[in-house]
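# Chains, contacts and geometry: an overview
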Amino acid sequence: MAENKIKIPKRILSALMSSMAAGVVPRVGAPYIAIGRTAEIGALCRDLDTIADGGSATRFIIGKYGSGKSFLIQLMRGYAVEHGFVCADADLSPERRLSSSGGGGLATYRELIKNLAVKSSPDGGALPHILSKWMSELSYSIEQDGIRSDSAEFDGEMSRRVYEKLRVMETGIGAFDFAKVISTYFAAVRALDEQRQADCLRWLYGEFGTKTEAKAVLGVTGIINDGNWYEYIKLLAVLARSIGYGGLVIFIDECVNLYKIPNRVSRENNYEKILSIFNDTLQGKAEGLCVIFAGTPQFLEDKHRGLFSYEALRSRLNDTMFGGGARETQPMFGPIIRLKRLSDDELLALIARITVLFDEWYGTVDVTPEEMRDFLYFMLSRAGADTMITPREIIRSYLTALGIILSDKGKRLPDVYASVAPKTESKKEVFDPETIDF
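These lines cover the structure that appears in this document, whether it is placed above or below. (Residues numbered from 1 in each chain as written. Predicted model: local features only at pLDDT ≥ 70, side-chain atom pairs only at ≥ 80, totals over all residues. Heavy atoms only, no water.)

What follows is about the side chain of R59. One can find R59 in strand β1 (residues 57-62). R59 sits in the buried class, given a relative accessible area of 5%. (Helix = DSSP H or I, 4+ residues; strand = E, 2+ residues; numbered from the N terminus. Buried < 20%, exposed > 50% of the residue type's maximum accessible area, 1.4 Å probe, protein only.)

The following block contains the structure:
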C-alpha cells in the first residue's frame, strides 16, 4: 500500500481520522474519502450553476442515520467555497429551530453567520472578510474615478456607492437598516473606530436584544430577531452576488429535530418557515440563494409529525406515481434527493481508501485486497445488512479492526472478525477486487 500513499496535510489527516473513528462527519478533508454519489453531487452542482446565474433552489437530502447526509453536505460545502460561493451551515437542535418564540430561530441565524465561509476564510467567521473585500473594491473604484482616499469627499462617496449597490434590496424587509449598518461599518473602518466596527458586526450577527439599544448605538430602527432572520439571509445572498461571489449556499442539517418537536403548533410553525423558503426559492424571490435541508425519512414522510403532515408541503414534495421512494434509480430533477446504500463496489473502494489513509497516519498494516473484500462480505452477511448497513458503521468497524491489527502484529484481518461471529460461507462474488483502485 505504501507506493499509493495519498498526500494530505497532517492537520487535515489528523482531523479526518479522528472524525471517522468517532463516527463524526469530518469538517475538512471530505474529498479524500469521497466515493460514489455521482448523481447526487451532479444535481447539487447544477443547483450551484443556477444560483450563479441569479436563480435560487431548495433541496432536501433524505437518508437514514449514517447514510452520508452530513458527509454530502460537507463535501458540497467545500466544493462551493472553492468555486467562489459564500456558504453557511448549521445543525438544528432543541435550541436551534427555524421558527420559535423563544429565540430558536435567531439562534439558527447566529450559527449560520458564525459559520459563514468563503475561499479566503473556509473555516467560518467570514463576514468581516466579505465586507473587507467589498470595501477594498469600492475604495479602488473611487480612487480610479479621481477621488483621493484622504480627501473630505471620499467617505461620502463611499456611503453613496454602498446605498447604490444595495438599492436592489430596498423593497426587502430590513434592507434600509441593513444598508445603513454596512455603511456605518465602512466609515468606522476608515476612522479606525474599533468599537463602532464591533457594534456593526454585533448587529449583523443578531446580537442586539432590543430596538431601543440598536437605535441608541447605531441609529437604526430594527434588529434581527426570530421573526425576520430569514429576510436577512436573503439580503446577504443578494449582497454576496453583487460584490462578486457566486451566491449564498445555506446547509441546514439534523432537520429530524423539527420532527421531534412535541408541540404541534410549534412544529407546524417551523414547517411553515420551510414552505416559505421553498416557495421563495422556486418562485425566484430569493436571488442567488440555495438552501439545502438534510433529514431522515421520518422527518419527511411521517404523516403525523413529518413534513408530510403539513398538507402544503406534502402536495409539493410527495413522490409522483413514477418516482416512488422504493425505486432503485431516482430522478434528480425534483427537490428530494434520497440517499440509497452505496454499492458493493463503492463500499470496497471506500475500505481501500481508508486503509491507505490509516497507513499514512498510524503506520502500515498488512491487509491484502482479498482480506478487504472478505471483511466487506462479513459485514454484508448479517441479516438485513444489504439494505440497512451504513457507511458510518462500516468505517467505524473497519478502523477498529485495523487498530487491533496494528497493536497485535500477529493478527490478520480475518482473525479480528472471526472472533466476533462464526465464520460464514462466502457470499457470491459480485465484484472483482482487481478492478478497485487501491
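Okay, back to it.
All right, on to the nonpolar core then. Among the nonpolar cores identified, the biggest contains 80 residues, and F186, W203 and I274 are the most heavily contacted of them. Here this core takes 9 residues from helix α10 (residues 229-242), the largest share from any one element. If we ignore the near neighbours within four places in the chain, the residues touching F186 are L131, W134, M135, L138, M158 and V162. The next biggest cluster of nonpolar side chains, apart from the first, holds 41 residues, and it includes L16, L380, I395 and V416. (Core = buried A, V, L, I, M, F, W, Y, C linked by side-chain atoms within 4.5 Å. Contact = heavy atoms within 4.5 Å.)

As a further point, take the pattern of salt bridges. For the structure shown, the criterion picks out 25 salt bridges. Here R161 makes a salt bridge to D145, at a shortest N to O gap of 2.5 Å. With R161 in helix α6 (residues 154-166) and D145 in the loop between α5 (127-144) and α6, the pair connects residues that are 16 residues apart, well separated along the chain. The class of D145 is exposed, set by a relative accessible area of 51%. Here the salt bridges share partners, and the residues they tie into one network are D145, E157, R160 and R161. (Salt bridge = Lys/Arg side-chain N within 4 Å of Asp/Glu carboxyl O.)

Bringing helix α8 (residues 194-204) into the picture now. Looking only at α8, the buried set comprises Q197, D199, C200, L201, W203 and L204. For α8, the secondary structure elements touched by its buried residues are α4 (104-114), α5, α7 (175-190), α9 (211-218) and α10. Phi turns positive, to about 75°, at G206, one or two residues after α8.

Position of Y259 among the secondary structure elements: in helix α11 (residues 256-259). Y259 sits 36 residues away from I223 along the chain, and the two C-alpha atoms are 29 Å apart. With residues up to four places along the chain from it excluded, the contact list for Y259 reads R267, Y271, Q298, F299, D302, R305 and G306. Of note is the side chain of Y259, whose polar atom sits 3.5 Å from the side chain of D302. (Polar contact = N/O pair within 3.5 Å; in protein donor to acceptor, adjacent residues only side chain to side chain.)

In terms of burial, strand β2 (residues 86-91) is a largely internal element, 5 of the 6 residues being buried. Pairing of β2 with strand β3 (residues 248-253), which is carried by 6 bridges, proceeds in the parallel orientation. Bridging from a neighbouring strand, C87 pairs with V249 of β3. (Pairing = 2+ DSSP bridges.)

The next point concerns the packing of aromatic side chains. Going through the model one piece at a time under the given rule, you end up with 12 aromatic pairs. Centre to centre, the rings of F358 and Y362 are 4.8 Å apart; their planes meet at 40°, and the pair counts as tilted. Placement of both F358 and Y362 in helix α15 (residues 344-362) is noted, with a separation of 4 residues, approximately one turn of the helix. Within the aromatic cluster, the residues linked to one another by ring pairs are F375, F378, Y398 and Y417. In this structure, R202 is placed above the aromatic ring of F208, and the distance from its NZ or CZ to the ring centre is 4.2 Å. It is R305 that lies over the ring of Y259; its NZ or CZ is 5.6 Å from the centre. (Phe/Tyr/Trp six-rings, centres within 6.5 Å; stacked < 30°, edge-to-face > 60°. Lys NZ or Arg CZ within 6 Å of the ring centre and 35° of its normal.)

Of all 7 residues making up strand β4 (residues 289-295), 7 are buried, and the element is well covered by its neighbours. Two elements, β3 and β4, share 5 bridges in a ladder whose sense is parallel. In the sheet register, I252 faces β4, and the bridge partner there is F293.

Here we take up the sheet that holds β3. Taken together, the 5 strands give an open sheet; going across it, the order is β2-β3-β4-β1-β5, and neighbouring strands pair in parallel fashion. Each edge of the open sheet carries a strand with a single partner, namely β2 and β5 (336-338). Within the sheet, the average angular offset between the axes of one strand and its neighbour, ignoring direction, is 15°. Contacts from α4 reach β2 and β3, with the element oriented near 135° to β2. (Axes fitted to C-alpha atoms, helices over the stretch in contact; angles between N-to-C directions.)

Turning our eyes to something else, we now look at the side chain of D344. Looking at the secondary structure, you find D344 in helix α15. Within the local environment of D344, its side chain forms a polar contact with the side chain of R341, the two groups lying 3.1 Å apart.

Viewed as axis vectors pointing N to C, α8 and α9 meet at an angle of 150°, and their least axial separation amounts to 11 Å. Between α8 and α9, the interaxial angle falls into the category roughly antiparallel. As for how α8 packs across α9, the hand of that crossing is left-handed. In this structure, α8 uses R196, D199, C200, R202 and W203 to contact α9, whose residues at the interface are E213, A214, V217 and L218. When its residues are assigned to classes, the contact of α8 with α9 shows 5 nonpolar, no polar and 4 charged. (Parallel < 35°, antiparallel > 145°, perpendicular 65-115°, else oblique. Left-handed = near helix turned anticlockwise from the far one by under 90°. Nonpolar A, V, L, I, M, F, W, Y, C, P; charged D, E, K, R; others polar.)

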